[in-house]
Structure formats: structure tokens, C-alpha cells
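Descriptive structure summary
Each chain, letter by letter, is given below.
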Amino acid sequence: MLTDSICTSYRNTVLKKYFGSDYELITENISKVVITQCYVCDEGKVEGTFNEIKGRYEYQLEIEVDEKNIKEWKTWRLFVTDTSTGNRITVVDVGNEKSPASYNHTSNGNATFDLNMNEIEDMLQRQWNVENAYSPVGAEDSNVFNVHLESVSSTKVVVSYDLRSTYHGQKKFTHLNATLTPDANGKWVISNLAY
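Residues numbered from 1 in each chain as written. Predicted model: local features only at pLDDT ≥ 70, side-chain atom pairs only at ≥ 80, totals over all residues. Heavy atoms only, no water.

**Quick word on the nonpolar core**
Ranked by size, the top nonpolar core spans 23 residues in total, and within it Leu2, Phe19, Val65, Leu78, Val80 and Val91 carry the most contacts. At the level of elements, helix 1 (4–19), strand 3 (38–50), strand 4 (53–65), strand 5 (73–82) and strand 6 (88–93) are the ones that each hand at least two residues to this core. The element contributing the most residues to this core is helix 1, with six residues. Ranked by size, the runner-up nonpolar core spans 17 residues in total, among them Ile120, Trp128, Val144 and Ala178. (Core = buried A, V, L, I, M, F, W, Y, C linked by side-chain atoms within 4.5 Å. Buried < 20%, exposed > 50% of the residue type's maximum accessible area, 1.4 Å probe, protein only. Helix = DSSP H or I, 4+ residues; strand = E, 2+ residues; numbered from the N terminus.)

Dropping the structure here:
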């Protein structure tokens, strides 16, 4: 059985790997989620050393655990944000480790992008509601969650998100990306809903 202490020990192992053995946990929000697999999910803040830079970081973490053998687990997703710059890097995505070499320690200078994740989630949800309503093969119900900022420029913003849809009573989970671009009035709109 996957106990709270086992969940915490797996989480601590990941944080130690990426933030150094002397990291300090400031906040946490750890939980267990069972979808098609069992996941340990957590988001919080740490003080530690990431990519050889000591500082304060926010993290969003998902660990996939084999329900038949709970000693078998892997980091499924890890997103890190440098709180001093707001820059974010995908460290691990769908089980694949990314190179932190692309990490940008300077401000990205895109102050014109002023949407928060809740606003983007609402935009995606409204768009999926419209898509499902007007498509003959649309889902009966779709829920957008777990929205993450992937990249920001003055002309394009890319986000990743999870979508839980119901087709004929069957639930389906998909991980998608979406693109936002500014319209003629400078307002950010969804230009590509899912890819």
C-alpha cells in the first residue's frame, strides 16, 4: 500500500536530486491521485541549488508509481520556476528528462503577457466547451486542468495542459499543448487549442 510516508520519501528523493542535499522545503501540497496509474503530486517552494544557481524555487511535481509494485516509481513531470525572475523550465515531462542548459536566469522582458494560469485555464475550458458543442464527435464533457507555462515571447505563448474528456461514458485523459497569440488589439487569444 502506498502510504503517506512512502509518498513523502519519493518526493524528497526527487527534490534532493534536483535541488541538492542541503535544500530546505518552504511549502508543500502533497497528495495521491489515481487515474490510470497512481501518481504522487506535489507543488511547493524550496531553497536550494538548481542548475548550479543557489536560490528560491517553486516546483510542480508528479511521480508515477506502479500500483502492483510500489517500489517501482519514476518522476513523471517536474516543472521548476526561479522566483527571482519568474522563468520556468520543464525539467521532466512525461517521464523524459530535459536538459536544464536552456534555463534562462535573466528576465524574459515580456511584461506585456499579463495572464495568470487560472485565466488561461478558463480560456481553454471555454474553447473546449464550444468545440464540444459544435462538433458531431465532440465529448460529452471536458475538463482542463494542470495548466503550465512552457514558453513566452512577445508574439507567442505556449502552454501545456491535461484534458479529461468523457465519450459515451468513458473517460479519456490527454496531455496537450496550446498556443496563445495577441490579436489586433493586443489581447491574448487562443490560436491553436490542441497539438
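**Some thoughts on unusual backbone geometry**
Trans is the common state for peptide bonds, and a negative phi is the common state for residues other than glycine. Unusually for a residue other than glycine, Asn146 sits at a positive phi of about 60°. If you trace the backbone, Asn146 turns up in strand 8 (residues 141–152). Among the residues examined, Asn146 registers a relative accessible area of 23% and is labelled partly exposed. Despite not being glycine, His168 has its phi angle at roughly 50°, a positive value. By the element assignment, His168 lies in the loop between strand 9 (157–167) and strand 10 (170–182). Taking relative accessible area as the criterion, His168 reaches 75% and is therefore assigned exposed.

**Digging into the sheet that holds strand 9**
On the basis of which strands lie adjacent, the open sheet formed by four strands has the order 8-9-10-11 and antiparallel pairing. Where the open sheet ends on each side, the last strands, each with one partner, are strand 8 and strand 11 (188–192). Geometrically, the sheet is characterised by an average inter-axis angle of 35° between neighbouring strands, direction not taken into account. Two strands pair when backbone bridges link them, and strand 9 and strand 10 are joined in this way by 11 bridges, in the antiparallel orientation. Paired with Arg164 across the strands is Phe173, a residue of strand 10. (Pairing = 2+ DSSP bridges. Axes fitted to C-alpha atoms, helices over the stretch in contact; angles between N-to-C directions.)

**Considerations on helix 1**
With 16 residues, helix 1 extends 22 Å between its outermost C-alpha atoms, agreeing within 8% with the 22 Å of an ideal straight helix rising 1.5 Å per residue. Immediately beyond the C-terminal end of helix 1, within one or two residues, lies Gly20, with a positive phi of roughly 90°. (Expected span 1.5 Å × (residues − 1).)

**Considerations on the environment of Asp4**
With respect to the helices and strands, Asp4 occurs in helix 1. Residues Asp4 and Phe50, spaced 46 residues apart in sequence, show a C-alpha to C-alpha distance of 26 Å.

**A closer look at the pairing of strand 9**
Here strand 9 lies mainly inside the structure; nine of its 11 residues are buried. Relative to strand 9, strand 8 runs antiparallel, the two sharing nine bridges. Within the sheet, the bridge partner assigned to Val152 lies in strand 9 and is Val157. The hairpin turn running from strand 9 into strand 10, its antiparallel successor, is two residues long, and His168 in that turn takes a positive phi close to 50°.

**Overview of the pattern of salt bridges**
Evaluation of the coordinates by the stated rule reveals eight salt bridges. Across the pair Arg56 and Glu47 runs a salt bridge, and its minimum N-O distance is 2.8 Å. Classification of Arg56 as partly exposed rests on a relative accessible area of 38%. Residue Arg77 pairs with Glu62 through a salt bridge whose shortest N-O separation is 3.3 Å. Of this pair, Arg77 sits in strand 5 while Glu62 sits in strand 4, placing them 15 residues apart in sequence. Like Arg77, the residue Glu62 is buried in the burial classification. Beyond isolated ion pairs, a larger network of salt bridges with shared partners links Glu62, Arg77, Asp93 and Asp162. (Salt bridge = Lys/Arg side-chain N within 4 Å of Asp/Glu carboxyl O.)

Purely spatial values, then, with no claim about function.
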